[in-house]
Amino acid sequence: MSTIQFQEKVLGIQSNMFNFAMMLTGNREDANDLLQDTTLKVLDNEDKYIENVNFKGWVLTIMRNIFINNYRKVVRSQTIIDQTEDLYHLNLSQDSGFETPDGSYTVKEINGAISNLNNDLKNPFSMFLAGYKYNEIAENLSLPLGTVKSRIYFARQELQKELKDLR
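Engineer: Is there a simple way to think about helix 2 (residues 14-25) in this case?
Structural biologist: Three- or four-residue spacings in an α-helix give side chains the same orientation, since the helix completes a turn every 3.6 residues. Relative to the 16 Å expected for 12 residues at 1.5 Å per residue, helix 2 spans 16 Å between its end C-alpha atoms, a close match to the ideal helical length. If you check which residues of helix 2 are buried, you get Gln14, Met17, Phe18, Phe20 and Ala21. Buried residues in helix 2, looked at end-on, bunch into an arc of 165 degrees, giving them a common side. Residues of helix 2 that are exposed and point over 90 degrees away from its buried face: Asn19 and Met23. Where the residues of helix 2 are buried, they touch helix 1 (3-12), helix 3 (28-44) and helix 4 (55-78). Gly26 sits one or two residues past helix 2 and shows a positive phi near 75 degrees.

Engineer: How should the packing of aromatic side chains be read in this particular structure?
Structural biologist: Aromatic rings in a pair are described by how distant their centres are and how their planes are angled relative to each other. Counted according to the given criterion, the structure contains 8 aromatic pairs. With centroids separated by 6.1 Å and ring planes inclined at 55 degrees, the aromatic side chains of Phe6 and Tyr49 adopt a geometry described as tilted. Residue Phe6 is located in helix 1, and its partner Tyr49 is located in the loop between helix 3 and helix 4; the two are separated by 43 residues in the primary sequence. With relative accessibility at 2%, the residue Phe6 sits in the buried group.

Engineer: How should I be thinking about the side chain of Thr39 in this particular structure?
Structural biologist: Its place among the elements puts Thr39 in helix 3. A distance of 2.8 Å separates a polar atom in the side chain of Thr39 from the backbone oxygen of Leu35. If near-sequence neighbours (up to four positions away) are discounted, Thr39 is found in contact with Val10, Gln14 and Met17.

Engineer: What is the right way to read helix 3 from this model?
Structural biologist: Look at helix 3: 24 Å from first C-alpha to last across 17 residues, which is about the 24 Å you get at 1.5 Å a residue. Those residues of helix 3 hidden inside the fold are in contact with helix 1, helix 2 and helix 4. One side-chain oxygen of the residue at the start of helix 3 lies 3.0 Å from the amide nitrogen of Glu29, identifying that residue as Asn27.

Engineer: Is there a simple way to think about the packing of helix 3 against helix 4 in this case?
Structural biologist: Two measures define how a pair of helices packs: the angle their axes make with one another and the distance between the axes. Axis separation between helix 3 and helix 4 bottoms out at 9 Å; the angle between their running directions is 120 degrees. By the angle between their axes, helix 3 is oblique relative to helix 4. In the crossing of helix 3 with helix 4, the sense of the turn from one axis to the other is right-handed. Where helix 3 abuts helix 4, its residues Leu34, Leu35, Asp37, Thr38, Lys41 and Val42 lie against Trp58, Val59, Ile62, Met63, Ile66, Phe67 and Asn70. Partitioning the contact of helix 3 with helix 4 into residue classes produces 9 nonpolar, 2 polar and 2 charged.

Engineer: What is the right way to read the nonpolar core from this model?
Structural biologist: A general trend in soluble globular proteins is that nonpolar side chains are found buried together. Counting residues in each nonpolar core, the largest one holds 19 residues, and the members touching the most others are Phe6, Met17, Val42, Phe55, Trp58, Val59 and Met63. Of all the elements in the fold, those that place two or more residues in this core are helix 1, helix 2, helix 3 and helix 4. Aside from chain neighbours lying at most four places away, what touches Met63 is Met17, Phe20, Ala21, Leu24, Leu34, Leu35 and Thr38. In terms of nonpolar packing, the next biggest core, distinct from the first, is built from 15 residues, Leu121, Phe125, Phe128 and Val148 among them.

Engineer: Looking at this structure, how should I read the environment of Thr3?
Structural biologist: In this fold, Thr3 is placed in helix 1. Sequence-wise, Thr3 and Glu46 are 43 residues apart; in three dimensions their C-alpha atoms are separated by 7.9 Å. Among the polar contacts listed, one links the side chain of Thr3 to the side chain of Glu46, at a separation of 3.4 Å.

Engineer: Mind showing me how you'd approach a negative patch on the surface here?
Structural biologist: Taken together, the side chains of Glu29, Asp30, Asp33 and Asp37 present a region of like negative charge at the surface. Along the polypeptide, Asp37 turns up in helix 3.

Engineer: Is there a simple way to think about unusual backbone geometry in this case?
Structural biologist: The phi angle of most residues is negative, glycine excepted, and most peptide bonds adopt the trans form. Of note in this structure, Ser142 is not a glycine but carries a positive phi near 55 degrees. One can find Ser142 in the loop between helix 7 (134-141) and helix 8 (145-162).

Thresholds applied
- Residues numbered from 1 in each chain as written.
- Predicted model: local features only at pLDDT ≥ 70, side-chain atom pairs only at ≥ 80, totals over all residues.
- Heavy atoms only, no water.
- Helix = DSSP H or I, 4+ residues; strand = E, 2+ residues; numbered from the N terminus.
- Expected span 1.5 Å × (residues − 1).
- Buried < 20%, exposed > 50% of the residue type's maximum accessible area, 1.4 Å probe, protein only.
- Arc of directions from axis to C-beta.
- Contact = heavy atoms within 4.5 Å.
- Phe/Tyr/Trp six-rings, centres within 6.5 Å; stacked < 30°, edge-to-face > 60°.
- Polar contact = N/O pair within 3.5 Å; in protein donor to acceptor, adjacent residues only side chain to side chain.
- Axes fitted to C-alpha atoms, helices over the stretch in contact; angles between N-to-C directions.
- Parallel < 35°, antiparallel > 145°, perpendicular 65-115°, else oblique.
- Left-handed = near helix turned anticlockwise from the far one by under 90°.
- Nonpolar A, V, L, I, M, F, W, Y, C, P; charged D, E, K, R; others polar.
- Core = buried A, V, L, I, M, F, W, Y, C linked by side-chain atoms within 4.5 Å.
- Patch = residues over 30% accessible without salt bridge, like charges linked within 9 Å, V, L, I, M, F, W, Y side chains within 5 Å.
- Areas by Shrake-Rupley, 256 points an atom, 1.4 Å probe, with all protein chains shown as cover.
- Salt bridge = Lys/Arg side-chain N within 4 Å of Asp/Glu carboxyl O.
- Lys, Arg positive; Asp, Glu negative; His and termini not counted.
- Charge placed at Lys NZ, Arg CZ, Asp CG, Glu CD.

See the structure below:
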């Protein structure tokens with residue numbers, strides 16, 4: 001088949017391609033974009049078409065694959081991947097709790113409980129709350145990394161016991 005015949009075949013099934021694109025996307029603009037992408041891909045891959053293969057089926061398969069790939073790309077771009085080095089850090093909203101009088105009292109109570117911790121637990125925990133990473137805390141306090149993690153864990157346990165009424 002010559003290039004001109006191939007192009008005429010592609011142009012001849014444009015309405016079928018558009019209908020299939022509308023079925024896939026459900027949106028006229030997206031269907032037109034998919035139709036254009038498919039037409040370009042089909043014309044670029046003319047040499048891969050085999051004479052005895054159903055032409056319309058071959059073209060619509062290319063369209064379906066383009067649609068699936070674009071859909072997967074959108075899903076991947078909307079997926080949030082945590083890139084922080086500190087795997088113990090939770091990406092929670094940073095509510096201060098100062099909107100209500102109860103919230104400000106709670107913060108005062110929490111700060112008081114933290115200040116009542118012994119220095120071995122309070123120093124690493126306070127640094128952790130200030131945003132230091134475990135390895136930075138270990139370097140600043142000249143402690144092994146495991147000790148820092150343990151002390152922060154024990155500080156949390158102590159605070160949970162002391163502040164159990166806040167839950």
